[in-house]
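Topology and contacts: notes
What follows is the residue order along each chain.
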Amino acid sequence: MYLATTDAATTATKVTRGRVGGPVLALGAVSLVTDISSEMVTAVLPLYFVLQLGLSPLQFGFLDGLYNGVTALVRLLGGHAADRGGRHKLVAGSGYALSALSRLGLLLAGGGTLGIGAALAADRIGKGVRTAPRDALISLSAPPDALGRAFGVHRAMDTTGALLGPLAAFALLWATADAYDAVFVVSFCVGLLGVLLLIAFVPGRAALPAHHRAPAVTDRPRAGLLAPLRAPAFRRIFVAAALLGAATIGDAFLYLLLQRRLDFAVSWFPLLPLGSAAVYLLLAVPAGRLGDRIGRRVPFLCGHAALLGGYLLLLLTDAGPVLLVGVLLLLGVFYAATDGVLMALAGPVLPAARRASGMALLQTGQALCRLLAAAGFGAAWTLWGTRPALIVAAVALAAALAASVALLPGPTRPELQEDPDPTDPPERRPSRA
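Computed from a predicted model, the values in this text were never measured in an experiment. (Residues numbered from 1 in each chain as written. Predicted model: local features only at pLDDT ≥ 70, side-chain atom pairs only at ≥ 80, totals over all residues. Heavy atoms only, no water.)

What to know about the packing of helix α11 (residues 272–294) against helix α13 (residues 320–346)
Look at α11 against α13: their axes get within 7 Å of each other, and the N-to-C directions meet at 45°. Relative to α13, the element α11 lies oblique. Classified by chirality, the crossing of α13 by α11 is right-handed. Note on element contacts: α13 touches α11 through L324, L328, L329, L331, G332, V333, Y335, A336, A337, D339 and V341, opposite L272, G275, S276, V279, Y280, L283, A284 and A287. (Axes fitted to C-alpha atoms, helices over the stretch in contact; angles between N-to-C directions. Helix = DSSP H or I, 4+ residues; strand = E, 2+ residues; numbered from the N terminus. Parallel < 35°, antiparallel > 145°, perpendicular 65-115°, else oblique. Left-handed = near helix turned anticlockwise from the far one by under 90°. Contact = heavy atoms within 4.5 Å.)

Structure below.
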């Protein structure tokens, strides 16, 4: 196994164990506020596209996957830029600012489809730019044995914003007699508050704990965006996440299937994400702590098993309450056990100076595979109907789970320990024992 060679690193780990540091809480507050702003204007998009515009499931799957794909590609560039100059805070702040400004774009677009599309694209680009630098800051701000807890706390705060955003939008629309301009203005102001919180309370790379501070990557630009894949441990995680992503059809489709199966009023549709988000909020921190204790592969794989359970429920039961509660519960478990846990799983196997690039690459690969899954499920739904499409999705996810069990060995395997950072001086590199 690898042993730390400096007393400072050991002491810092003992001091911070069981606690979440100020930078993580500050980033959580920024994400909470930003998600309120974002979810105020995006909660009804699936309903708007499919039920009002009359898009087919295939068209919706393509659009949903396209937005995620654009986010993923920009995320890769954002992570690489943050590592190259050591400017994690600056790059993340630029993404948050762009997303806030996109709310003004919605306001100025009026009813123009092109303007609305451009504003939504700007929001997705901003999200893509900020995600990897933000997650790298979280990873670099917490000791390795507390990464699951740190990401769990951040994701719980982030999900709180996702819960409050739709509620704030509905309250505003009710108070202003459906004045969508008011929603856009308030969303912009809330997003701007998130940027100000980042500037004021989130430290830059130079203020990180000494045992995690990484030098900026300024050497060998030819190393390229795929350099993190040279590490065998990271490559295993990347392939497993990609396989599982290719079998994840997306929660928007699950909500649409629930609405069609249960035939409830479409006015209740935007509230469906609140159910799964509430479960995510409750379980994000316990899932992270569990990963810190027993190994992060276990909750990560169990989370995808919960998603498979959601597919099976849609296939096997017609009981309305059981179907509704069960699918939302299992979907919330899936997000709680996989989202932050995956970043905590990947962080320790990446050199600190490549942390943002590696996380961006992992997120990009997963998102692009989910793009293919969304388009593929939409095509299967359109051509064969919902039941055959769900059967194919369930079989694919079961196969991906089996492959991932083999790809992600237990945490005692040395190839899943931290790879030495070639930019660190010899005295700060881990040594084998």
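Some words on the pattern of salt bridges
When their charged atoms lie close together, side chains carrying opposite charge are able to pair. Tallied over the full model, the rule gives 7 salt bridges. Where R155 meets D135, a salt bridge forms, and the shortest distance between an N and an O atom there is 3.2 Å. With a gap of 20 residues between them, R155 in helix α7 (residues 147–175) and D135 in helix α6 (residues 113–141) connect regions that are remote in the sequence. For the pair R155 and D135, a shared accessibility class is recorded, and that class is buried. (Salt bridge = Lys/Arg side-chain N within 4 Å of Asp/Glu carboxyl O. Buried < 20%, exposed > 50% of the residue type's maximum accessible area, 1.4 Å probe, protein only.)

A few points about the side chain of D83
Topologically, D83 is positioned in helix α4 (residues 57–85). Separated by 3.2 Å, the side chain of D83 and the backbone nitrogen of A356 make a polar contact. (Polar contact = N/O pair within 3.5 Å; in protein donor to acceptor, adjacent residues only side chain to side chain.)

Regarding the environment of A406
The residue A406 is located in helix α15 (residues 386–407) in this model. Once the C-alpha coordinates of A406 and A240 are considered, the two residues, 166 residues apart in sequence, prove to be 9.1 Å apart.

Observations concerning the nonpolar core
Grouped together as the largest cluster of nonpolar side chains are 74 residues, with contacts concentrated most on F234, Y311, L362 and F377. Examining the composition of this core, we find that 11 residues originate from one element, α13, more than from any other. Leave out the neighbours within four places in its chain, and F234 touches P228, L229, A346, V349, L350, G358, L361 and L362. Core analysis: the second largest hydrophobic core is formed by 13 residues, M40, A119, L173 and F184 among them. (Core = buried A, V, L, I, M, F, W, Y, C linked by side-chain atoms within 4.5 Å.)

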